[in-house]
Amino acid sequence: MRALAMKEWIKLRPWLGLIGLGHLAFGAWFYLSMRHQFRIEHAEMIYYQANRIGRLFYDDLRYVPLATGAVLGAAQFLPEVLRGRLRIAMHLPMGLGALILAHLGLGLGLLAVVLAFDLGILAGTVGAFFPGPFVASALATAAPWMLAGIAAYLGAALVLLEPDRRTQAVNLAVAGGVVALCHLSAAYNAYDGAIWGLVVLVGLMVPATLRAAARFRDGGTG
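Residues numbered from 1 in each chain as written. Predicted model: local features only at pLDDT ≥ 70, side-chain atom pairs only at ≥ 80, totals over all residues. Heavy atoms only, no water.

Quick look at the pattern of salt bridges
Two side chains carrying opposite charge are able to pair once their charged atoms lie near each other. To keep it simple, the criterion reads: The salt bridge criterion pairs a side-chain nitrogen of Lys or Arg with a carboxyl oxygen of Asp or Glu, the two atoms within 4 Å. Helix and strand labels come from DSSP, where a helix needs a run of H or I of at least four residues and a strand needs a run of E of at least two; each type is numbered from the N terminus. Buried residues are those whose accessible area, probed at 1.4 Å on protein chains only, stays under 20% of the maximum for their type, while exposed residues exceed 50% and partly exposed ones sit between those limits.
Per the stated rule, a full pass over the model turns up 2 salt bridges. Ionic pairing is found between Glu-41 and Arg-55, a salt bridge with its closest N-O pair at 3.7 Å. With Glu-41 in the loop between helix H1 (2-40) and helix H2 (43-53) and Arg-55 in the loop between H2 and helix H3 (64-82), the pair connects residues that are 14 residues apart, well separated along the chain. With its nearest N and O atoms 3.0 Å apart, the salt bridge here joins Arg-215 to Glu-162. Of this pair, Arg-215 sits in helix H9 (residues 205-217) while Glu-162 sits in the loop between helix H6 (132-161) and helix H7 (165-182), and the two are 53 residues apart along the sequence. Accessibility classification places Arg-215 together with Glu-162 in one group, the buried group.

What follows is the structure, given as structure tokens:
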């Protein structure tokens, strides 16, 4: 397991550096953009737009987790598939399920760090300009966007590990559907009553990925 973690770290380190720089740049821009908004408009008007009109002042974050999850998933699994390294590893004494879960666990752990950073940027920026209740509302509103990032990561693994092109297209459609569900509404607290159902739905992509990995190992049969 330690050797696997080291291999994944060496492979993903350049991508993580780019992702980290990108998120730092986005965080700085996001804060400056919010500060500029308060400089050109009265705070009372901004609060009115948020409370009464439902204007979302942080929707620039909406697709950042999605892009991050897709890039990280592709960076982790595409080289393994194209170079045949994963197929060789699947014949080691380590069980298939444990091997894929180890890959997914490492990838999801790294993704969680990035998403936690995004949530921290969101909470810090909103808290700097809005009253406290707005912070809790912002985090709840952004929760499905974070799940979309996880779904994009798992979707990348699901598509890349599937050896059959037709099934690959179906997997892509399924992953796209899950991501779309996470983005059905950008209204404040829109998913408060459904967030745990969405968590379960995204979680079901894990066993689907294990099934695709088994077909990858068996050359598309089964």
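Considering the environment of Gln-49
Using the following cut-off: By definition in these notes, contact holds between two residues if any of their heavy atoms fall within 4.5 Å. Polar contacts, as used here, are pairs of N or O atoms within 3.5 Å; protein pairs need one atom able to donate a hydrogen and one able to accept it. Residues neighboring in sequence count only if both atoms are side-chain atoms.
Assignment of secondary structure puts Gln-49 in helix H2. Spatially, the C-alpha atom of Gln-49 lies 17 Å from that of Gly-127, the residues being 78 residues apart in sequence. Non-local contacts of Gln-49, meaning those with residues more than four positions away in its chain, are made with Glu-41, Gly-54, Arg-55 and Phe-57. For Gln-49, the side chain forms a polar contact with the side chain of Glu-41, separated by 3.3 Å. Among the polar contacts listed, one links the side chain of Gln-49 to the side chain of Arg-55, at a separation of 2.5 Å.

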